[in-house]
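Structure at a glance
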Amino acid sequence: MQTRLTLLAKLKNQHDEAAWLDFCSYYRAYLFRVVKNMQIDHHDCEDIIQTVLLKVWENLPEFIYDPGKGQFRSWLCAVTRNKVKEYLRKKTHQLIDLDKEKRDKARIELEKVNLPDLEQIAEHEWQVYITDLAWESIEKQFPEDMYSLFLEITDGRSPIDLAEEREIPVNTVHVYKRRVEKQFMREILRLENELS
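What you see is a predicted model; the values in this text were computed from it and never measured. (Residues numbered from 1 in each chain as written. Predicted model: local features only at pLDDT ≥ 70, side-chain atom pairs only at ≥ 80, totals over all residues. Heavy atoms only, no water.)

So, unusual backbone geometry
Stated formally: Classification of residues uses two cut-offs on accessible area relative to the type maximum, computed with a 1.4 Å probe and protein chains only: under 20% is buried, over 50% is exposed, and between them is partly exposed.
Of note, the phi angle at Glu167 is positive, near 55°, even though the residue is not glycine. Its relative accessible area of 73% is what places Glu167 among the exposed residues.

Right, here's the structure in full:
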């Protein structure tokens, strides 16, 4: 994985397809989670994300990242928020062309969307997304027994029960847990630094 700053620098060249694919592979799933949490249906989420990515692609050549002004993902969320508002305005205008029953049904759907919560949604989904990405990144680094033991402990299983079940010392259970946990936290921090 390239660092975020390196990736952003490469994206200034709109013809760098590899950099754009990297960018999309890291941020598309996150954007989908954010938009989906605003009660927008799957098909419309995909459309909105396409418009967000197009807007980002258009603006990245002139974009100057300044850590003093905030995180890159804050700018990304601002673009997303604007595109969701644009989508809602468009949907509202389309209501005029519908008959009363369809208009009422569509208005109810639109009222489910809660834009003021976007920052909270974005932050929550970022944490979930980074955690999932970190887990995907490290899970293959450990033997299956260490990995499954860690999952069982995080699900609330007792280390003593697990040690007896697997016929290993309790201390080994704790050592396995700490090893996976340490690598997991290290990966979360790395991803936060590189993608945030």
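Let us keep going from here.
A word on the packing of aromatic side chains
The test is simple: Planes of paired rings set the category: under 30 degrees apart is stacked, over 60 is edge-to-face and the rest tilted, where pairs are Phe, Tyr or Trp rings (Trp by its six-membered ring) whose centres lie within 6.5 Å. Put simply, DSSP H or I for four residues or longer makes a helix, DSSP E for two residues or longer makes a strand, and each gets a number counted from the N terminus.
Within the structure shown, the criterion is met by 12 aromatic pairs. When the centroid spacing of 6.0 Å and the interplanar angle of 80° are considered together, the rings of Phe23 and Phe72 count as edge-to-face. Of this pair, Phe23 sits in helix H2 (residues 17-36) while Phe72 sits in helix H4 (residues 72-95), and the two are 49 residues apart along the sequence. Take Phe23 and Phe72: they sit in the same class, and that class is buried. Note on Tyr27 and Trp126: the rings are 6.4 Å apart at their centroids and 20° apart in plane angle, and the pair reads as stacked. With Tyr27 in helix H2 and Trp126 in helix H6 (residues 118-138), this residue pair connects regions lying 99 residues apart in the sequence. The buried category is assigned to Tyr27, whose relative accessible area is 1%. On the basis of relative accessibility, which here comes to 0%, the residue Trp126 falls in the buried class. Three or more aromatic residues joined by ring pairs make a cluster, and in this case those are Trp20, Phe23, Tyr27, Tyr30, Phe72, Trp75, Trp126 and Tyr129.

As for H2
Which entries qualify depends on this criterion: In a helix, the anticipated span is given by 1.5 Å times the number of residues less one. One axis fitted to the seven residues ending at a residue, another fitted to the seven starting there: the angle between these axes is the bend at that residue.
The first and last C-alpha atoms of H2 sit 27 Å apart over 20 residues, in line with the 28 Å expected at 1.5 Å per residue. Of all the bends in H2, the greatest measures close to 35° and is centred on Tyr27. What H2 keeps buried is the set Ala19, Trp20, Phe23, Cys24, Tyr26, Tyr27, Tyr30, Leu31, Phe32, Val34 and Val35.

Structural notes on the side chain of Asp44
Note the following rule: Whether two residues are in contact is decided by their heavy atoms: any pair within 4.5 Å suffices.
In this structure, Asp44 sits in helix H3 (residues 42-59). The exposure class assigned to Asp44 is buried, which follows from its relative accessible area of 10%. Excluding anything up to four places from it in sequence, Asp44 contacts Tyr87 and Lys91.

Digging into helix H7 (residues 144-154)
Every buried residue of H7 is listed here: Met146, Tyr147, Ser148, Leu149, Phe150 and Ile153. Looking at the residues trailing H7, positive phi occurs at Gly156, about 100°.

Some words on the confidence of the model for the chain
We apply this condition: A residue's pLDDT is simply how confident the predictor is in it, with values from 0 to 100.
Looking at the chain, pLDDT values average 82 and 83% of them are 70 or higher. Per-element mean pLDDT across the chain ranges from 64 in helix H5 (residues 100-111) up to 93 in helix H8 (residues 159-166).

Topic: the environment of Thr80
Here Thr80 is to be found in helix H4. Judged by its relative accessible area of 1%, Thr80 falls in the buried class. Linking Thr80 and Val52, residues 28 residues apart in sequence, is a C-alpha distance of 5.8 Å. Setting aside residues up to four positions removed in sequence, Thr80 forms contacts with Leu31, Val35 and Val52.

Things to note about the pattern of salt bridges
Pairing between side chains of opposite charge can happen when their charged atoms approach one another. For the record, the criterion: A pair is scored as a salt bridge if a Lys or Arg side-chain nitrogen falls within 4 Å of a carboxyl oxygen belonging to Asp or Glu.
One pass over the structure, following the stated rule, counts 10 salt bridges. Between Glu123 and Arg73 there is a salt bridge whose closest N-O contact spans 2.9 Å. One end of the pair, Glu123, is in helix H6; the other, Arg73, is in helix H4, and 50 residues separate them in sequence. One salt bridge connects Arg166 with Glu152, and the closest N-O pair in it is separated by 2.6 Å. With Arg166 in helix H8 and Glu152 in helix H7, this residue pair connects regions lying 14 residues apart in the sequence.

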